[in-house]
Amino acid sequence: MSANIAFTFRVTGIDDEARARAVVEELRELMRDESIGGQVSIGIAAERGGHVVTGGTDFPVSVSRAHLWCPEFEKSLAWYAKEAAPSAMCAVEWSYPDEEH
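The residue count restarts for each chain, going from 1 along the sequence in the order it is written. Per-residue local features are limited, in this predicted model, to residues with pLDDT of at least 70; the limit for side-chain atom pairs, both in listing and counting, is 80 or more; totals at the level of whole chains, interfaces and linings are taken over all residues. Processing note: side-chain calculations cover all non-hydrogen atoms of the structure and skip hydrogens and water entirely.

(A) Expanded view of helix α2 (residues 66-84). Across its 19 residues, α2 extends 27 Å between first and last C-alpha, which sits within 8% of the 27 Å expected from 1.5 Å per residue. Whether a residue is buried, partly exposed or exposed follows from its accessible area with a 1.4 Å probe, protein chains only, as a fraction of its type maximum: under 20%, in between, or over 50%, in that order. Strands here mean DSSP runs of E at least two residues long; helices mean DSSP runs of H or I at least four residues long; both are numbered from the N terminus. Among the residues making up α2, those that are buried are Ala66, Trp69, Cys70, Phe73, Leu77, Tyr80, Ala81 and Ala84. All buried residues of α2 lie within an arc of 100 degrees about the axis, which places them on one face of the element. For α2, the exposed residues set more than 90 degrees away from the buried face come down to His67, Lys75 and Trp79. Helix span, expected: 1.5 Å multiplied by one less than the number of residues in the helix. Working definition: the arc comes from the directions between the helix axis and the C-beta atoms, pointing outward to the latter.

Structure (structure tokens):
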């Protein structure tokens, strides 16, 4: 069974812009690996002496076995971010548009 899912994420704990750009590239690779690269926007913002990478779905994506995929995706997001910035901390917020009506 599949579900329509939307998500946003924030990656904090990034010291400089070069490392933030590296995180963006890592996360773009993850999105390509998950076949959602064209459906997720990712950007960088300066915040409190560091940089934050933010992103999320441009519109809901259909995911099979979402109850298994979502936790694995969160782990992958953290792993990919830490590849570029070992001090990175990730937070993901999920929404299920079909259930909100």
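(B) View of the packing of helix α1 (residues 17-33) against α2. The angle between two axes is taken between their N-to-C directions and runs from 0 to 180 degrees, where each axis is a line fitted to C-alpha atoms and a helix contributes only its stretch in contact. Packing of α1 against α2 brings their axes to within 8 Å, and their N-to-C directions diverge by 145 degrees. When you trace α1 past α2, the crossing you get is right-handed. Where α1 abuts α2, its residues Arg19, Ala22, Val23, Glu26, Leu27, Glu29, Leu30, Met31 and Asp33 lie against Phe73, Ser76, Leu77, Tyr80, Ala81, Glu83 and Ala84. Here the nonpolar group is Ala, Val, Leu, Ile, Met, Phe, Trp, Tyr, Cys and Pro; Asp, Glu, Lys and Arg are the charged ones; every other residue, Gly included, is treated as polar. Its residues assigned to classes, the contact of α1 with α2 comprises ten nonpolar, one polar and five charged. Helix crossings are classified by the rotation of the near helix relative to the far one: an anticlockwise turn of less than a right angle makes the crossing left-handed, while a clockwise turn makes it right-handed. The contact criterion used is simple: two residues touch if any of their non-hydrogen atoms lie within 4.5 Å.

(C) Local environment of the nonpolar core. If you look at the biggest cluster of nonpolar residues, it comprises 28 residues, and the most contacted ones within it are Phe9, Val11, Val23, Leu27, Met31 and Val53. Broken down by secondary-structure element, the contributors of at least two residues to this core are β1 (2-14), α1, β2 (40-47), β4 (61-64) and α2. It is α2 that provides the largest number of residues to this core, a total of eight residues. Here phenylalanine 9 is in contact with Leu27, Met31, Val40, Ile42, Val53, Thr54, Gly55, Gly56, Leu77, Ala91 and Val92, once residues within four sequence places are set aside. Here the nonpolar core consists of buried residues drawn from Ala, Val, Leu, Ile, Met, Phe, Trp, Tyr and Cys, with membership extended through side-chain atoms lying within 4.5 Å.

(D) Spotlight on the environment of leucine 30. With respect to the secondary-structure elements, leucine 30 resides in helix α1. Taking the relative accessible area as the measure of exposure, leucine 30 reaches 1% and is therefore buried. In this structure the C-alpha to C-alpha distance between leucine 30 and alanine 78, which are 48 residues apart in sequence, comes to 10 Å. Setting aside residues up to four positions removed in sequence, leucine 30 forms contacts with Phe73, Ser76, Leu77 and Tyr80.

(E) The environment of methionine 1, seen in detail. You can see methionine 1 is positioned in the segment before β1. On a C-alpha basis, the gap between methionine 1 and valine 52 in space is 34 Å, while along the polypeptide they are 51 residues apart. Not counting residues within four places of it along the chain, the set of residues in contact with methionine 1 comprises Val63, Ser64 and Arg65.

(F) Quick peek at the side chain of histidine 51. In this fold, histidine 51 is placed in strand β3 (residues 50-57). Of the residues examined, histidine 51 reaches a relative accessible area of 17% and is grouped as buried. Ignoring sequence-local partners within four residues, the contact set of histidine 51 consists of Val11, Ile14, Asp15, Asp16, Glu17, Ala20, Ile44, Ala45 and Ala46.

(G) Fine view of the confidence of the model for the chain. Averaged over all residues, the pLDDT of the chain is 93; the fraction at 70 or higher stands at 98%. Confidence of the prediction at every residue is given by pLDDT, a number between 0 and 100. Element-level mean pLDDT values for the chain span from 93 in β4 up to 97 in α1.

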